[in-house]
Amino acid sequence: MNIFNLKLLHKTINIKYVQAMPTLRSIEKIIVPPPIHWVGDGFKVHNFLPGDGSLDLQRMSPFFLMDYNAKTFFAPSASPRGVGVHPHRGFETVTIAYHGKVAHHDSAGYHGVIGQGDVQWMTAASGILHKEYHEKEWSKTGGWFQMVQLWVNLPAKHKMSTPKYQPILNEQMGKHLLQDQKSYVEVIAGKYHEATGTASTFTPIEMYNAKLIGGGEATFSFPKQFNTAFLIIDGKVEINHSTIETDHLVIFSNEDGDIHLKANELSVVLILSGEPINEPIFPYGPFLMNTKQEIIQAYNDLENGKFGQLEE
Ligand code: MN
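Residues numbered from 1 in each chain as written. Predicted model: local features only at pLDDT ≥ 70, side-chain atom pairs only at ≥ 80, totals over all residues. Heavy atoms only, no water.

(A) Local environment of the pattern of salt bridges. One pass over the structure, following the stated rule, counts six salt bridges. Arg89 is the partner of Asp301 in a salt bridge, and the nearest nitrogen-oxygen pair spans 3.0 Å. With Asp301 in helix α2 (residues 292-303) and Arg89 in the loop between β7 (82-88) and β8 (91-99), the pair connects residues that are 212 residues apart, well separated along the chain. Take Asp301 and Arg89: they sit in the same class, and that class is buried. Between Glu137 and Lys140 there is a salt bridge, and its shortest N-O distance comes to 3.2 Å. Taken as a pair, Glu137 and Lys140 lie in helix α1 (residues 136-141) at a separation of three residues, close to a single helical turn. Among the charged side chains, a salt-bridge network with shared partners connects Arg89, Asp301 and Lys306. (Salt bridge = Lys/Arg side-chain N within 4 Å of Asp/Glu carboxyl O. Helix = DSSP H or I, 4+ residues; strand = E, 2+ residues; numbered from the N terminus. Buried < 20%, exposed > 50% of the residue type's maximum accessible area, 1.4 Å probe, protein only.)

(B) Representation of the sheet that holds strand β25 (residues 258-263) in the model. Spatial ordering of the open sheet is given by β20-β25-β22-β23, a layout of four strands whose pairing is antiparallel. In the strand order of this sheet, the two ends are held by β20 (217-221) and β23 (242-244), each with one partner. Direction aside, neighbouring strands of the sheet carry axes that sit 25 degrees apart on average. Of the strand pairs in this sheet, strand β22 (residues 237-239) and β25 are connected by three bridges, and their pairing is antiparallel. Residue pairing for β25: Ile239 is matched across the bridge by Leu261. (Pairing = 2+ DSSP bridges. Axes fitted to C-alpha atoms, helices over the stretch in contact; angles between N-to-C directions.)

(C) The arrangement of the sheet that holds strand β6 (residues 63-74) in detail. The sheet built from seven strands is open, its strands ordered β4-β5-β6-β13-β8-β11-β14 with antiparallel pairing. Of all the strands in the sheet, just β4 (36-39) and β14 (164-168) have a single pairing partner and so form its edges. Averaged over all adjacent pairs, the angle separating strand axes in this sheet is 25 degrees, with direction ignored.

(D) Representation of the nonpolar core in the model. Judged by nonpolar contacts, the single largest core of 32 residues is most densely connected at Ile96, Val148 and Met207. Ranked by residue count, the leading element in this core is β6, at four residues. In this structure Met207 touches Phe63, Val94, Ile96, Trp121, Leu150, Glu186, Val187, Ile188, Ala189, Leu270, Ile271 and Leu272, once residues within four positions along its chain are discounted. In this structure, Ala195, Phe220, Phe230 and Leu261 belong to the second largest nonpolar core, which totals 24 residues. (Core = buried A, V, L, I, M, F, W, Y, C linked by side-chain atoms within 4.5 Å. Contact = heavy atoms within 4.5 Å.)

(E) Just the pairing of strand β26 (residues 267-274), in detail. Counting buried residues along β26, eight of its eight residues qualify, which places the element largely inside the surrounding structure. The two faces of β26 match: Ser267, Val269, Ile271 and Ser273 on one face and Val268, Leu270, Leu272 and Gly274 on the other face are all buried. Summarising the sheet, strand β19 (residues 205-212) and β26 pair through eight bridges and their orientation is antiparallel. Paired with Lys211 across the bridge in β26 is Val268. Across seven bridges, the pairing between strand β21 (residues 227-234) and β26 is antiparallel. Across the sheet, residue Ala229 finds its bridge partner in β26, namely Leu272.

(F) Spatial organisation of the coordination of the manganese ion. Donor atoms from the polypeptide that bind the manganese ion are His86 (NE2), His88 (NE2), His130 (NE2) and Glu132 (OE), placed at 2.2 to 2.4 Å. The sequence pattern formed by the donor residues of the manganese ion is H-x1-H-x41-H-x1-E. (Donors = N, O, S within 2.8 Å, 3.2 Å for Na, K, Ca; no water.)

(G) Spatial organisation of α2. A rise of 1.5 Å per residue sets the reference length of α2, with its twelve residues, at 16 Å; its end C-alpha atoms lie 17 Å apart and thus fit the reference within 8%. For α2, the set of buried residues is Ile295, Ala298 and Asp301. Projected down its long axis, α2 shows its buried positions confined to an angular sector of 125 degrees, all on one face. Seen from the buried face of α2, the exposed residues on the opposite side, beyond 90 degrees, are Lys292, Gln293 and Glu303. Its buried side turned inward, α2 meets β27 (282-284) and β28 (287-289). Phi for Gly305, located one or two positions after α2, is positive at around 75 degrees. (Expected span 1.5 Å × (residues − 1). Arc of directions from axis to C-beta.)

(H) Structural detail: the side chain of Asp106. Assignment of secondary structure puts Asp106 in strand β9 (residues 102-106). Buried and unpaired, Asp106 has no salt bridge, with Lys131 as the nearest side chain of opposite charge at 11 Å. A polar contact is formed between the side chain of Asp106 and the backbone nitrogen of Ala108, at a distance of 2.9 Å. When residues no more than four places from it in sequence are discounted, the contact partners of Asp106 are Met122, Ile128, Leu129, His130 and Leu310. (Lys, Arg positive; Asp, Glu negative; His and termini not counted. Polar contact = N/O pair within 3.5 Å; in protein donor to acceptor, adjacent residues only side chain to side chain.)

(I) Summary view of unusual backbone geometry. Residue Pro50 follows Leu49 across a cis peptide bond; omega there is -5 degrees. Within the fold, Pro50 resides in the loop between β5 (43-49) and β6. For the bond running from Ser61 to Pro62, omega is 10 degrees, close enough to zero to count as cis. Phi is positive for Ala125, close to 45 degrees, though the residue is something other than glycine. By secondary structure assignment, the location of Ala125 is in the loop between β11 (119-123) and β12 (128-134). Notably, Gln181 is not glycine yet its phi reads approximately 70 degrees, a positive angle. We classify Gln181 as exposed; its relative accessible area is 55%.

Here's what the structure looks like:
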């Protein structure tokens, strides 16, 4: 509270005011990195979502799955590590590369390689077969590897739309420079201040990387119904004045308020916020549908070759 005197011509009045402090959105949960498991022989991941069952499957809708390969050194390998041909239907896979290179091939005919700082946004929708490997040349030398893969759900009306593939190179991402003139927020999808992302999404999604030097600060504000989480990729940060360690996931309550991020050291934070898809879901294996009947249909279609062809 502050008091100041306003001197007018004939009298002095006292004005009291409370400085408007922005409310902060509270932290609902901080998730420590869950035990490692392997996806194929190329991805050594912490599965944060759907996780160990303690979170509702829809808690982070539209984000259904989050696999995080924390920073890991891979020795050189003559044959690329990865995961062989497998199907998906009903959602999108989004792979964000922090270190290392991955290649993707799918039965819709798309092929792409992403490296450090890039993103691939693959819409499986009505169904594809794909394979995901460490890129061949990278594999031969090996090196540090760090990636996030998200499964982004699609609403029923888009689950059977045509598959597509969006490679998003780092230089295409809109970047908003922060006050210290060195830290910045890069936008994969959505908009932060003037910076926009190039990813086209089926439902409203905000997806950014905050890349901060020590002392760097940024504030974020999302509609309260948007499910929101921050994953600390690198460094140590303060989020709404709580210290959060590397590789931890912070899930925010659905309430009004800002999120304040401050880096204690050189840090990278993945920021996710999306409007929930309020529909029943029926996840099974590599499929994410609305009903059990649709899962049975997916297996029938797979057996009948409707997902196309892809060589191992
Ligand atoms: Mn896959």
